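Examination of the molecular architecture
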Amino acid sequence: SFDFTNNLKVTGTLSSTWETGTALGRGFIVTTDSVVLPNKNETDVLLIKNPSGSGKVMRLHKLLAGASDKTSALMRVYRNPTITSNGTVLSIGQLNLGSVTVMQAFKLPTASAKGTQLDSARFATAGREIDYGLGFYLNPGESALITLQLDSLDSGDTFSITWLEE
């Protein structure tokens, strides 16, 4: 529930690490909003960086992907790409008041090398939710790159990521 100042107020027993972490203000979200890709090639869409010396570990909760215009696409997740341009800075939202994030997020970065591929998933218009169950760790000095390869051009795709910082 929410109190009068729109802060999350926990009124029951917290049943998971995710619920506890967000109640303590350590849960965050970032979204790309709509991304229109110019072609069907694999395109770098979202970059998340955990700066060296941050003292925090990012534990990925969920990755949400959506496509429009009845398009299907292949999404890939890489660890530690070589980045030549960060792209556009994205605002990271707090899921509850508390800590300030140390992570950095960027839309449409440029990578000269993708890094180590960790995951891939195909999704269609309805989108796709990938639940990492907080088991995907991004340690200080590491980064993750999410790419998208369309089967046909469309008018916009979105990505959102939720995570905890510990």
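Just above sits the structure.
Residues numbered from 1 in each chain as written. Predicted model: local features only at pLDDT ≥ 70, side-chain atom pairs only at ≥ 80, totals over all residues. Heavy atoms only, no water.

Strand order in this open sheet of six strands is 6-8-2-12-4-10, and the pairing throughout is antiparallel. Strands with a single pairing partner mark the edges of an open sheet, and in this sheet they are strand 6 (88-89) and strand 10 (116-123). As paired strands, strand 4 (residues 73-79) and strand 12 (residues 143-150) are joined by seven bridges and run antiparallel to one another. In the sheet register, Val77 faces strand 12, and the bridge partner there is Ile146. (Pairing = 2+ DSSP bridges. Helix = DSSP H or I, 4+ residues; strand = E, 2+ residues; numbered from the N terminus.)

Here the focus is the nonpolar core. Leu63, Met75, Leu148, Phe159 and Ile161 are the most contacted members of the largest nonpolar core, which totals 30 residues. Of all elements in the fold, only strand 1 (27-31), strand 2 (43-49), strand 3 (58-67), strand 4, strand 10, strand 11 (128-138), strand 12 and strand 13 (157-165) reach the threshold of two or more residues within this core. With sequence-adjacent residues up to four places away left out, Leu63 is seen in contact with Met75, Val77, Arg128, Glu129, Ile130, Tyr132, Ile146, Phe159, Ser160 and Ile161. (Core = buried A, V, L, I, M, F, W, Y, C linked by side-chain atoms within 4.5 Å. Buried < 20%, exposed > 50% of the residue type's maximum accessible area, 1.4 Å probe, protein only. Contact = heavy atoms within 4.5 Å.)

Right, let's talk about the pairing of strand 8 (residues 104-107) for a bit. Sheet faces and side chains relate simply in a regular strand, where the side chains alternate between the two faces. As defined by bridge partners, strand 2 adjoins strand 8 across four bridges and the pair is classed as antiparallel. Looking at strand 8, one finds that Leu46 is bridged to Lys107. Pairing of strand 6 with strand 8, which is carried by two bridges, proceeds in the antiparallel orientation. Note on strand 8: the bridge partner recorded for Val89 is Phe106.

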